[in-house]
Amino acid sequence: MIVTRDDTRPTAAATGAADAAAAAANEAIRRYVRAHGNRPWGEREAAELARLRRVWLAAIRTAA
């Protein structure tokens, strides 16, 4: 089967779901940082923040 460019475009539903996933990942980062407050970041906390950022980055790449 030959796939043309038109066949590979995401549907509106897929794009909307990807945008929603990116927004949810972004909100998770915001909540985590807000909950942390002004304390110094420990190794575990920084690792969790890095994990949340990776999830967000994957989501925005999917949405793009």
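Residues numbered from 1 in each chain as written. Predicted model: local features only at pLDDT ≥ 70, side-chain atom pairs only at ≥ 80, totals over all residues. Heavy atoms only, no water.

(A) Highlighting the overall build of the protein chain. Looking only at helices and strands, the protein chain has two helices and zero strands in total. The burial tally for the protein chain puts 14% of its 64 residues in the buried class. Carbon and sulfur atoms make up 58% of the accessible area of the protein chain, which totals about 5,200 Å². (Helix = DSSP H or I, 4+ residues; strand = E, 2+ residues; numbered from the N terminus. Buried < 20%, exposed > 50% of the residue type's maximum accessible area, 1.4 Å probe, protein only. Areas by Shrake-Rupley, 256 points an atom, 1.4 Å probe, with all protein chains shown as cover.)

(B) Looking closely at helix α2 (residues 43-63). For α2, built from 21 residues, the straight-helix expectation of 30 Å at 1.5 Å per residue is met to within 8% by its first-to-last C-alpha distance of 30 Å. Residues Leu 49, Leu 52 and Ala 59 constitute the buried set of α2. Here the buried residues of α2 occupy an arc of 80 degrees about the axis, which is enough to place them on one side. When the buried face of α2 is taken as reference, the exposed residues oriented beyond 90 degrees from it are Glu 43, Arg 54, Arg 61 and Thr 62. (Expected span 1.5 Å × (residues − 1). Arc of directions from axis to C-beta.)

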